[in-house]
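Observations on the three-dimensional arrangement
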Amino acid sequence: MAIQDMVKQLDELINKAEALMDGPDWANGTKEDAEAHILANRLEAAVTRLTMKGSVYVQQLKLDGYRSSRYRLRHDWQVAMTLRDDLNSGWTETVVELVHADTYGDFLEMADGLLAKGYKDAAAVITGTSLEVHVRALCAKNGVTTAVAGKPKKADTMNADLKKAGVYDGLQQKQITAWMDLRNKAAHGDYGDYDDTQVRLFIDGVQAFLMKYPA
């Protein structure tokens, strides 16, 4: 997911929260409590979805999770605004993450160009290689071992280990497994088992994955 898409999601929820809190009945009435509860939940879900596990933004959300819906909404609104502003300023990425993003971006751009010229198989292999390297980097970042008895783990094993470590959920794990399967088909010459559209979705999906889970 591109930064501008993340900001757009946050802006929508921030604007809804501000409209509710600026309403005439906010200070005195209680009829907006249910709406405040729903908006607070959506803000918390968005911040969690758009950041890494254990990020300072997620930690901030937990500080006032047991207050009233109105207090929660105002607190979550402040956290969401901070994340939005940091995304706009480019302050959420470490130097290492930026280097990795540039490197992987180059490979994915290459894959994109190959696909556009009709070389879907080469594009799939390059995209799959970028994905596997990134999965290994995520393991290193999150303290997950990448070798057993001195031998490198397979991509599927690292993928399962990252899910067990809570770096991402089971749905993301299954998606990565499907992507790895497509890469393997391309690498082993099973070119008729997938088409250009699937490779296009593969490239776009890996690009979004790399941005959501930087390493």
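Just above, that's the structure.
Let me begin by describing the structure that accompanies this report. Quick caveat: nothing in here was measured; it's all calculated off a predicted structure.

A count of helical and extended segments in the protein chain gives 9 helices and 2 strands. Along the protein chain, from the amino end to the carboxyl end, the secondary structure elements read α-α-α-α-α-α-β-β-α-α-α. Burial analysis of the protein chain (215 residues in total) assigns 40% to the buried set. Here the analysis covers contacts within the protein chain between residues at least 6 apart in sequence; of these, 66% occur between residues at least 24 apart.

Turning to the nonpolar core, a few remarks are in order. In this structure, Leu131, Leu162, Tyr168, Val199 and Phe209 are the most contacted members of the largest nonpolar core, which totals 31 residues. Sorting the residues of this core by element identifies helix 5 (95-116), helix 6 (120-141), helix 7 (155-164), helix 8 (170-187) and helix 9 (196-212) as the ones contributing at least two each. Here the element with the most residues in this core is helix 6; it accounts for 8 residues. Residues contacting Tyr168, with those up to four places away along its chain left out, are Leu138, Asn159, Leu162, Lys163, Gln173, Ile176, Phe209 and Tyr213.

Let us now look at the packing of helix 6 against helix 8. Two numbers describe how helix 6 lies on helix 8: the axes approach to 8 Å, and their chain directions differ by 135°. What the angle tells us is that helix 6 and helix 8 run oblique. Taken as a pair, helix 6 and helix 8 cross one another with a handedness that is left-handed. Contact residues: Asp121, Ala124, Val125, Gly128, Thr129, Leu131, Glu132 and Val135 in helix 6; Ile176, Trp179, Met180, Leu182, Arg183, Ala186 and Ala187 in helix 8. Of the residues belonging to the contact of helix 6 with helix 8, the class tally is 10 nonpolar, 2 polar and 3 charged.

Below, the discussion takes up the layout of surface pockets. There is about 300 Å³ of room inside the second largest pocket. Around the second largest pocket sit 16 residues that line it, and Arg49, Gln172, Phe209, Lys212 and Tyr213 are the ones nearest its centre. Counting residues per element, the ones that place at least two in the lining of the second largest pocket are helix 1 (3-21), helix 8 and helix 9.

Glancing now at the packing of aromatic side chains. Each aromatic ring pair is summarised here by two numbers: the centre-to-centre distance and the angle between the ring planes. Applying the stated criterion to the full structure yields 5 aromatic pairs. Judged by centre distance (5.9 Å) and plane angle (70°), the ring pair of Tyr168 and Phe209 falls under edge-to-face. Within this pair, whereas Tyr168 is found in the loop between helix 7 and helix 8, its partner Phe209 is found in helix 9, the two being separated by 41 residues in sequence. Looking at Tyr168, the relative accessible area reads 4%, which means it is buried. In this structure Phe209 comes out as buried when scored by relative accessible area, which is 2%. Note on Tyr168 and Tyr213: the rings are 5.6 Å apart at their centroids and 70° apart in plane angle, and the pair reads as edge-to-face. Residue Tyr168 is located in the loop between helix 7 and helix 8, and its partner Tyr213 is located in the segment after helix 9; the two are separated by 45 residues in the primary sequence.

Rules of the game
Position labels on residues start from 1 in each chain and follow its written sequence. Where totals are concerned, whole chains, interfaces and linings use all residues; where local detail is concerned, this predicted model gives features only for residues with pLDDT of at least 70, and gives and counts side-chain atom pairs only at 80 or more. As a convention, hydrogens and water are excluded, and side-chain values are obtained from all of the structure's heavy atoms. Put simply, DSSP H or I for four residues or longer makes a helix, DSSP E for two residues or longer makes a strand, and each gets a number counted from the N terminus. Accessibility here uses a 1.4 Å probe with only protein chains present; expressed as a share of the type maximum, an area under 20% marks a residue as buried, one over 50% as exposed, and anything in between as partly exposed. By the convention used here, residues are in contact when the closest approach between their heavy atoms is within 4.5 Å. To qualify as a nonpolar core, a set must consist of buried Ala, Val, Leu, Ile, Met, Phe, Trp, Tyr and Cys residues joined through side-chain atoms within 4.5 Å. Only the stretch in contact is used when a helix axis is fitted, and all axes are lines through C-alpha atoms; the angle between N-to-C directions ranges over 0 to 180 degrees. For this classification, under 35 degrees means roughly parallel, over 145 means roughly antiparallel, 65 to 115 means roughly perpendicular, and everything else is oblique. Two helices that cross are described as forming a left-handed crossing if the nearer one is turned anticlockwise from the farther one by less than a right angle, and a right-handed crossing if clockwise. Amino acid classes used here: Ala, Val, Leu, Ile, Met, Phe, Trp, Tyr, Cys and Pro are nonpolar; Asp, Glu, Lys and Arg are charged; the rest, including Gly, are polar. Points on a 1 Å grid over protein atoms alone make up a cavity when a 1.4 Å probe fits among them but cannot get out, and a pocket when they form an open set with protein on both sides within 12 Å along at least five of seven lines; lining residues each have an atom within 4 Å of a point. Grid points are joined across faces, edges and corners, and a volume is the space filled by probe spheres set on the points. Whether two aromatic rings pair depends on their centres lying within 6.5 Å, for rings of Phe, Tyr and Trp, where Trp uses its six-membered ring; planes under 30 degrees apart make the pair stacked, over 60 edge-to-face, and the rest tilted.

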